[in-house]
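Architecture and fold: a report
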Amino acid sequence: MASSPCGNSNFDSGLEIKTRSVEQTLIPLVSQITTLINHKDKPKKSERTLAAIHRVGQAVSVAVGRFVAVGEAIAAENQELKDEMGQACFEARRAGDAIAQLTDVGSALPSQLDGRVTVFSDRTAMVKAARLLLSSVTKVLVLADRIVIKQIITSRNKVLVTLDHLERVSTFQEFVQIFSQFGNEMVEFAHLTGDRQNDLKDEKKKARMAAARAVLEKCTMMLLTASKTCLRHPDCESARINKDAVFHRMRCALEQVIEIVTEARSCGENRILPASIYNGIKEFKSGVECLRENLYSLSPQSMSSQLEALVERTEDFTDSAYTSHEQRQAILGLCQLARQDTQQLVHAWVEAQSVHAKEATKDMEVAILKTSQSVSDLRRELHKVAVGRASDLLKVHGEQLPLRALKAAGAEGNLEEVAEYSRTLTEQKEQLVETCRLLCHVSGTEPLEITCIHAEETFHVIGPQIISAAQTLALHPSSKIAKENLEVFCEAWESQLCDMALLLREINDVFEGRRGDKRPYLSLPRPGKHLANMKTAKAVKLDAEEQTSMAKLGLELRLLSSDVDTEVEKWEDQEHEIVRQSQSLASMAYNMYLFTRGEGLLKTTLDLFHQAEVLSEEGLQLCSSLRTFSSQLVDEEKTVVMTEMEKLLALCQQLQMGAKTPVQGKAATFQKVDSFIQATRSILSVVLSLLPCCNKLNRKGMFNIFASFFCCLSKKSPVSCTSQRGTASVPRRIGEKGKTHPHLSKRKELSTPRTATDLALNLWSSTWLVSTSLRANNPRQSLPLSTLPDKAAHS
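Residues numbered from 1 in each chain as written. Predicted model: local features only at pLDDT ≥ 70, side-chain atom pairs only at ≥ 80, totals over all residues. Heavy atoms only, no water.

What follows deals with the overall build of the chain. Helix and strand content of the chain: 24 helices and 2 strands. In the chain, once contacts between residues fewer than 6 apart in sequence are set aside, the share between residues at least 24 apart is 79%. Counting only carbon and sulfur atoms, one obtains 51% of the accessible surface of the chain, whose full area is about 36900 Å². (Helix = DSSP H or I, 4+ residues; strand = E, 2+ residues; numbered from the N terminus. Contact = heavy atoms within 4.5 Å. Areas by Shrake-Rupley, 256 points an atom, 1.4 Å probe, with all protein chains shown as cover.)

With that settled, the discussion passes to a negative patch on the surface. Taken together, the side chains of Glu312, Glu315, Asp316 and Asp319 present a region of like negative charge at the surface. Residue classification places Asp319 among the exposed positions, given a relative accessible area of 58%. (Patch = residues over 30% accessible without salt bridge, like charges linked within 9 Å, V, L, I, M, F, W, Y side chains within 5 Å. Salt bridge = Lys/Arg side-chain N within 4 Å of Asp/Glu carboxyl O. Lys, Arg positive; Asp, Glu negative; His and termini not counted. Charge placed at Lys NZ, Arg CZ, Asp CG, Glu CD. Buried < 20%, exposed > 50% of the residue type's maximum accessible area, 1.4 Å probe, protein only.)

Turning our attention to the packing of helix α7 (residues 237-262) against helix α16 (residues 446-475). For the pair α7 and α16, the least separation of the axes is 8 Å and the interaxial angle reads 155 degrees. Judged by the inter-axis angle, α7 sits roughly antiparallel to α16. Here α7 and α16 pass one another in a crossing that is left-handed. Every residue of α16 that contacts α7 at Ser238, Ala239, Asn242, Ala245, Val246 and Arg249 is listed here: His454, Glu457, Thr458, Val461, Ile462, Gln465, Ser468, Ala469, Gln471, Thr472 and Leu475. Its residues placed into classes, the contact of α7 with α16 shows 7 nonpolar, 8 polar and 2 charged. (Axes fitted to C-alpha atoms, helices over the stretch in contact; angles between N-to-C directions. Parallel < 35°, antiparallel > 145°, perpendicular 65-115°, else oblique. Left-handed = near helix turned anticlockwise from the far one by under 90°. Nonpolar A, V, L, I, M, F, W, Y, C, P; charged D, E, K, R; others polar.)

A few words on the packing of aromatic side chains. For the coordinates displayed, the defined rule picks out 5 aromatic pairs. Arranged with centres 5.3 Å apart and planes meeting at 70 degrees, the rings of Phe459 and Trp493 form a pair that is edge-to-face. Taken together, the residues span a long stretch of sequence, with Phe459 in helix α16 and Trp493 in helix α17 (residues 480-511) at a distance of 34 residues. The class of Trp493 is buried, set by a relative accessible area of 1%. Taking the centre distance of 5.7 Å and the plane angle of 50 degrees together, the rings of Tyr590 and Tyr593 count as tilted. Of this pair, Tyr590 and Tyr593 both sit in helix α19 (residues 577-596), 3 residues apart, which is roughly one turn of that helix. Residues Tyr590 and Tyr593 agree in their burial class; the two are buried. (Phe/Tyr/Trp six-rings, centres within 6.5 Å; stacked < 30°, edge-to-face > 60°.)

Turning next to the nonpolar core. Ranked by size, the top nonpolar core spans 104 residues in total, and within it Phe317, Met364, Leu439, Ile466 and Trp493 carry the most contacts. Counting residues per element, this core draws most heavily on α17, which supplies 14 residues. For Met364, the contacting residues outside a window of four places in its chain are Leu291, Leu295, Leu345, Ala348, Trp349 and Ala352. Leu553, Met592, Leu633 and Met645 belong to the second largest nonpolar core, which has 53 residues in total. (Core = buried A, V, L, I, M, F, W, Y, C linked by side-chain atoms within 4.5 Å.)

Further remarks concern the pattern of salt bridges. Tallied over the full model, the rule gives 26 salt bridges. The partner of Arg196 in a salt bridge is Asp145, with the nearest N and O atoms 2.6 Å apart. Of this pair, Arg196 sits in helix α5 (residues 172-199) while Asp145 is found in helix α4 (residues 123-168), placing the two residues 51 residues apart along the sequence. Overall, the relative accessible area of 6% leaves Arg196 in the buried class. Given the relative accessible area of 14%, Asp145 is considered buried. Here Lys429 and Glu430 are joined by a salt bridge, their closest N and O atoms 3.2 Å apart.

Contact pair helix α6 (residues 203-232) / α16: the axes reach a minimum separation of 9 Å and the direction vectors enclose 10 degrees. The orientation of α6 with respect to α16, classified from their angle, is roughly parallel. In contact with Glu203, Lys204, Ala207, Arg208, Ala211, Ala214, Val215, Met222 and Thr229 of α6, α16 contributes Glu446, Pro447, Ile450, His454, Ile462, Gln465 and Thr472. Considering only residue class, the contact of α6 with α16 consists of 8 nonpolar, 4 polar and 4 charged.

Let us now look at the environment of Ala226. Mapped onto the elements of the fold, Ala226 is located in helix α6. Once residues within four sequence positions are removed from consideration, Ala226 is found in contact with Asn242, Lys243, Val246 and Asn485.

With that out of the way, let us pick up the confidence of the model for the chain. Chain-level statistics for the chain give a pLDDT mean of 76 and a share of 75% at 70 or above. This stretch, residues 516-538, has a pLDDT under 50; its non-local contacts, to residues over four places away or in other chains, come to 51 contacts. (pLDDT = per-residue confidence, 0-100.)

Right, let's talk about the state of the cysteines for a bit. Enumeration over the complete set of coordinates arrives at 0 disulfides. Looking at Cys252, it has no disulfide partner, and the nearest cysteine sulfur is the one in Cys219, 9.6 Å off. Assessed through its relative accessible area of 41%, Cys252 is described here as partly exposed. (Disulfide = S-S within 2.5 Å.)

With that settled, consider the side chain of Asp199. Checked against the element boundaries, Asp199 lands in helix α5. Despite its burial, Asp199 pairs with no opposite charge, the nearest such side chain being Arg196 at 4.6 Å.

The end-to-end C-alpha separation of α16 is 44 Å, in line with the 44 Å expected for 30 residues at 1.5 Å each. Among the 30 residues in α16, 22 count as buried, and that is most of the element. (Expected span 1.5 Å × (residues − 1).)

As a further point, take the environment of Val161. Secondary-structure assignment places Val161 in helix α4. A residue is classified by how much of its surface remains accessible, and Val161, at 45% relative accessible area, is partly exposed. Between the C-alpha atom of Val161 and that of Phe182, which follows or precedes it by 21 residues, the distance is 9.3 Å.

A separate point is the environment of Ser180. Inspection of the secondary structure assignment puts Ser180 in helix α5. Of the polar contacts made by the side chain of Ser180, one reaches the backbone oxygen of Val176; its length is 3.0 Å. (Polar contact = N/O pair within 3.5 Å; in protein donor to acceptor, adjacent residues only side chain to side chain.)

Next up, the structure:
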């Protein structure tokens, strides 16, 4: 038997794969190696089998050679990884050559009996070569992944340096120039971290990254207005406090991103995920049910201690001043019932152990069922209390009365009223912070727990910032910049309330067992229902180049679906036909967006075509609902609604006809996909223009304001500023029909400002680019970006 070409080396590095890209890169190689190793172990093989083995072996060798060449190029450009990368590439090349030699038909010896060639006789050598190849290739990929981490760290360091310069500027001209540079650097950082967030396998890390990037997105606009206010009023203490808080929060968020990508352990790591009641109940029930299989897996004392620790955590609910007496008594009663049932279980358990029983007795079975039921009832009651309080708070705070009062008092320069309404806002902040803490207890998953903690921290920080901004305005009531600054912080507060509403929906989904995709109302086509019209179609996937081409349209689709969700959240009647059908359309559009990224439930173009047909049917049903709704309106109002409804009807019919038209060939299929995405985008744009109008009519019954409202809506136009460099145009809201978001087009450096108008527009363009780049990879952020102010306001 020939000796192994790999020698006796054992290069099993035991590396952990932490990103999806590395995992997906290894899958084809693993498949080929598996094919070689799992062949039928026969000494004699047909010529066809020998040829197949030879082809696979040579293909592996050639692929490894190309792969190693790339790895060596990376090593040459990064001296700190040169030695490690060089060793890993050497081992990979050696293993590839070994596999090629072991599968080479030409080097095999003919059989002495019948002259047939025998190949691949050294199975042990093949297994060793395969192990060496997989471990070395994995190490090359993991080392290459360090380069990505290095890029993120380098980008963060550039942002920090510019952030320090921004904090120390003393003139508005200098601030504009540095902020433009800061905007470009933040856009780069946003793209790098967004790609990393999508690539992470660990859902917990992904949620932490999303939270940090959400902070950076919201703080970018705050940094702009807070810095401008401080420059305009340099002697104002409240303005300085407001600005310092924004800079501090941005630095903390940047540091959190680096902790995630480098897996550094910070002093706050243990604080990230406090023990939740949901996890406590889950562990307790698991221990109880394990007694059926093993009576000696844990001691009775440990089970009782575990329950007491669980009951102690419910004090966050029972000790709260905002928990009603009835709710408190219900929780305490269920805790006492869980204690009694657990005590009965312990008693039956001890008796079973005393007679050396090998399995649970009948009394134990009854006690196990009762104990599991009692802690489940406790969990259900705690969920009811937490979710009920959150829902009530969102309804109460939906009117934003303290914020309106603060704005009015600040604009009047009334410091006493500002102080009074600040106390009211502080009380609301404490309620929201405590509610987020309770939601964390019942959230059900680690990513949702992290999101609850992020919401709690956001309310805790933004509340005092709003107050300091209001104090600044009260001291300078004629200052437009101070007024604008307060508006930005109030918008951040409102945005977080809407994010909390989405979080509440996801927590309910987990509690009710609707896991997986974040949109439970997805309407996927049923097998066979829509196949009649697609018999000749071939199911294919978009390749990387096609996905890149579709990225722009897909992202517009995601932003539009988020806008529709936001408008739907504003409806009081969530069971209204228009609401449910709009939600369904947004859901299907979101999954089309995921398809353009190669993710989600739609795997092939055939799936997309089926989804488009279902979407067109849902759109036609929405047209029917709109027609019924318009019958309640007077002639003029009815005409406006019907006009928009006719647009929607035409688009849905066009999409439906396209779905029924078969296509052949890759180019035609891609063109059909592109047309479907564009048609869906147009449908959502029409729905988005109708939802706020219909909501106002449905909620208030003020039919006479519809015409003026729609007129104002139709007159909105992009902010446009013509300078010597050209024209800058930014849409007033995401998803405005016919407009493209700045970050979706090729990014250009901001031009040098020449006038006061150019200065202002450069600032807002930088902020817009950063916000949209950070938002692009975070599906949880559902609110539309703030409307850009009129050009004249910043001249």
